[in-house]
Amino acid sequence: MGWKGTVRSVSAAMRAAERESQRHHKQMMKEQMIDDAADAVESWQDYIHDLVSIHANPADDVDWTAIAHKAEPVKPQKLSQKQNFAERALSEFTPKFWHFLVGGSDRKRDRLEEALHKAIQDDEMTYQASISSYDSKKAEWEADRSLANRLLAGDLSAKKEVIAEMQSLSSESLIGSAVSFELDEEHVHAIPVVHTDEVVPNYRRKQLQSGRLSESKMPAGQFNELYQDYVCSVALRVAGDLFGLLPDNEVFVTCVATKLNKTTGHQEPTPILSVHFVKETFARLNLSNLDPSDSLANFNHVMNFKRTKGFERIEPLKSIEGTN
């Protein structure tokens, strides 16, 4: 083969290699596009699931009766383990002829007496640390027992103390911007300020057979129903947290959202859902599998919702200061 043939052969091989490289690159791009589309669909599905299942993980129950009857911490006894060991070593000491190699018998005895002095100090430090820990545990035990007894007696100020610690209600951003509480001698009324319907995506995602991502506008009916489930899920979550942290047998939850007041033209807090939750009934719910909106049929509630329009203002089962 002449040099021209060699060049043509090399050029053909290079072109074939380039075509193979381009084919491989396109295949990789297609696979990446498919992966990206799958990830986008999964992310959308996960968000929708989280939006309507806020209620599925309420706060752990607090057993106030058990706390009220919890045994007092045991005061530690002063132990002298190191001192006893050092005293035994000193009492059993007898001079030996080889002690001159380490300074003599008197030097050896001095070291044992120093070790005894340090052992006494160490035992005292250990005891003081255990006393400090005991004092802290006893103070916590007394405070918890006092709070538990007050709660079980229906003390209103005790409920306020517990509610003040309910950080979990506001720490989960999907619940809303704030949760306030109104209490009387008989009932706790929680008022979560939920997000507006902007919390719901106004689009749907799916992956086409080709692997590409398809995004389309969500129908109004589906959009409104998702927002309804979100609001109802928030109400269930707040009720679940309250039942877990308080010994109350019933609570009221009224969800408030910022909506346009058509008579004034201003955006203002508007009650859109009010529920009277009963603990016995709530405890029978399977929170992981229920439909949030449908589940409210188990409780006395007020909700003015239309699939085509969404929520309208309602009169809460218990009045809310500043929204009447």
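Look up a bit, the structure's there.
Residues numbered from 1 in each chain as written. Predicted model: local features only at pLDDT ≥ 70, side-chain atom pairs only at ≥ 80, totals over all residues. Heavy atoms only, no water.

Caption draft 1: Summary view of the sheet that holds strand β2 (residues 188–193). Sheet architecture is open: 5 strands sit in the order β1-β2-β5-β6-β7, paired in mixed fashion. Since the sheet does not close on itself, it has two edges, and those belong to β1 (178–183) and β7 (300–302), each with one partner. The average undirected angle you get between the axes of adjacent strands in this sheet is 20 degrees. Strand contacts of helix α5 (residues 156–164): β1 and β2, with the helix running at about 175 degrees to β1, the strand carrying the most contacts. (Pairing = 2+ DSSP bridges. Helix = DSSP H or I, 4+ residues; strand = E, 2+ residues; numbered from the N terminus. Axes fitted to C-alpha atoms, helices over the stretch in contact; angles between N-to-C directions. Contact = heavy atoms within 4.5 Å.)

Caption draft 2: Here's a closer look at the pattern of salt bridges. Across all of its chains, the model carries 8 salt bridges by this definition. Across the salt bridge formed by R313 and E268, the nearest N and O atoms sit 4.0 Å from each other. On the criterion of sequence distance, the pair formed by R313 in the segment after β9 (310–312) and E268 in strand β6 (residues 266–278) is long-range, its members being 45 residues apart. We classify E268 as partly exposed; its relative accessible area is 24%. Among the ionic pairs, R284 bridges to E280, the shortest N-O distance being 3.9 Å. (Salt bridge = Lys/Arg side-chain N within 4 Å of Asp/Glu carboxyl O. Buried < 20%, exposed > 50% of the residue type's maximum accessible area, 1.4 Å probe, protein only.)

Caption draft 3: Focus on the pairing of strand β5 (residues 250–261). Across 3 bridges, the pairing between β2 and β5 is parallel. Residue V193 lies in a different strand from β5, and its bridge partner there is V256. Pairing geometry for β5 and β6, over 12 bridges, is antiparallel. Across the sheet, the residue bridging to F252 is H276, located in β6. Connecting the antiparallel pair β5 and β6 is a turn made up of 4 residues, with G265 showing a positive phi of about 80 degrees.

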